[in-house]
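# Structure assessment
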Amino acid sequence: MMNPDQTQRALGGALHARGFAAGRLLFWGLLVIWAAISWQVSGPLSDSMRSRINDLSVIPGGGLVMRDPTGVFYHVNNAGRARAIFPELAPPVYQEVCLDCTLVTGEQLSQTNDFCISGTRKTLPALQFEIPCRTWAPLGEGHNVLAFGIFVVPLLGFWILRAILQRGTP
C-alpha cells in the first residue's frame, strides 16, 4: 500500500501530464487556425501583386505568344493580330499578321528571363511586357509566399520576444 505522500505525487504527475497534453493540443489547434487565417488574409493582398504569366492559355482573352523564324516573339490577340514583344517591344498596336509563326509554350516562356509577360489578377486579361523580366513570382505563387510570410513573421516575433524576456529574468 502506498503512503499518502506517494499517492499525492503520483496523482499530481498524472494531472500534470493531462494539463501538458491539453496545452499542446490547444497550441496546435491555435496554430492551425492561424494558418487558415493567414491563407484567407493573403488572398486579397496577392490579387494586387504583379505576377509573371507563363501560360496565356489559362487567361480568358489573353491571346498567344508566337515566334517567327527570325527569332522575334509576338503577342497575338484573339482577333489573330500580332505585335512584336521581343527583342524590341513594339507599341501596343495590333496590326501585323504572324503567318510563319510557331506557338511558344508556357514551359519555354518560363525558361527565359530576357523578357516576360506580367499582370495582376485584378486587371487580367490586361497584360504588361517586361524587357528584361523583373517579376519573380509566377501567377498563383504570390499567394503562397504572402500566406507563408503572414503565418511565420508573427510566430518568429513571438519566439524572439519570449527569448528576450526569459533572458532578462534571473
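Residues numbered from 1 in each chain as written. Predicted model: local features only at pLDDT ≥ 70, side-chain atom pairs only at ≥ 80, totals over all residues. Heavy atoms only, no water.

### Some details on the sheet that holds strand β2 (residues 64-67)
Here 4 strands make up an open sheet; going across it, the order is β4-β3-β2-β5 and the pairing antiparallel. Every interior strand has two partners, whereas the edge strands, β4 (82-86) and β5 (102-103), have only one. In this sheet, β5 lies alongside β2 in antiparallel orientation, the contact comprising 2 bridges. When the bridges of β5 are listed, M66 appears paired with L103. (Pairing = 2+ DSSP bridges. Helix = DSSP H or I, 4+ residues; strand = E, 2+ residues; numbered from the N terminus.)

### So, empty space enclosed by the protein
The final tally for this structure, using the stated rule, is 1 cavity of 30 Å³ or more. The space that makes up the largest cavity amounts to roughly 60 Å³. Forming the walls of the largest cavity are S46, M49, S51, R121, L139, G140, G142 and H143. The class makeup of the residues in the lining of the largest cavity is 2 nonpolar, 5 polar and 1 charged. (1 Å grid on protein atoms, 1.4 Å probe; cavity = no way out; pocket = protein on both sides within 12 Å on 5 of 7 lines; lining within 4 Å. Points joined across faces, edges and corners; volume = space filled by probe spheres on them. Nonpolar A, V, L, I, M, F, W, Y, C, P; charged D, E, K, R; others polar.)

### Details of the nonpolar core
Judged by nonpolar contacts, the single largest core of 13 residues is most densely connected at L56, V65, F73 and I117. Setting aside chain neighbours within four positions, we find V65 in contact with L56, F73, Y74, I85, T102, L103, V104, L109 and I117. With 8 residues, the next largest nonpolar core counts M66, V72, Y74 and V76 among its residues. (Core = buried A, V, L, I, M, F, W, Y, C linked by side-chain atoms within 4.5 Å. Buried < 20%, exposed > 50% of the residue type's maximum accessible area, 1.4 Å probe, protein only. Contact = heavy atoms within 4.5 Å.)

### Brief notes about the environment of I37
Inspection of the secondary structure assignment puts I37 in helix α1 (residues 4-46). By relative accessible area, which is 39% here, I37 ends up partly exposed. Along the sequence, I37 and F151 sit 114 residues apart, while their C-alpha atoms lie 8.4 Å from each other.

### Considering the sheet that holds strand β1 (residues 50-53)
In space, the 3 strands of this open sheet follow the order β1-β6-β7, with antiparallel pairing throughout. Because the sheet does not close on itself, it has two edges, and the strands there are β1 and β7 (128-130). Taking each pair of neighbouring strands and ignoring which way they run, the sheet shows an average axis angle of 40°. Bridge count between β1 and strand β6 (residues 116-120): 4 bridges; the pairing is antiparallel. Among the inter-strand pairings, S51 is bridged to a residue of β6, identified as G119. (Axes fitted to C-alpha atoms, helices over the stretch in contact; angles between N-to-C directions.)

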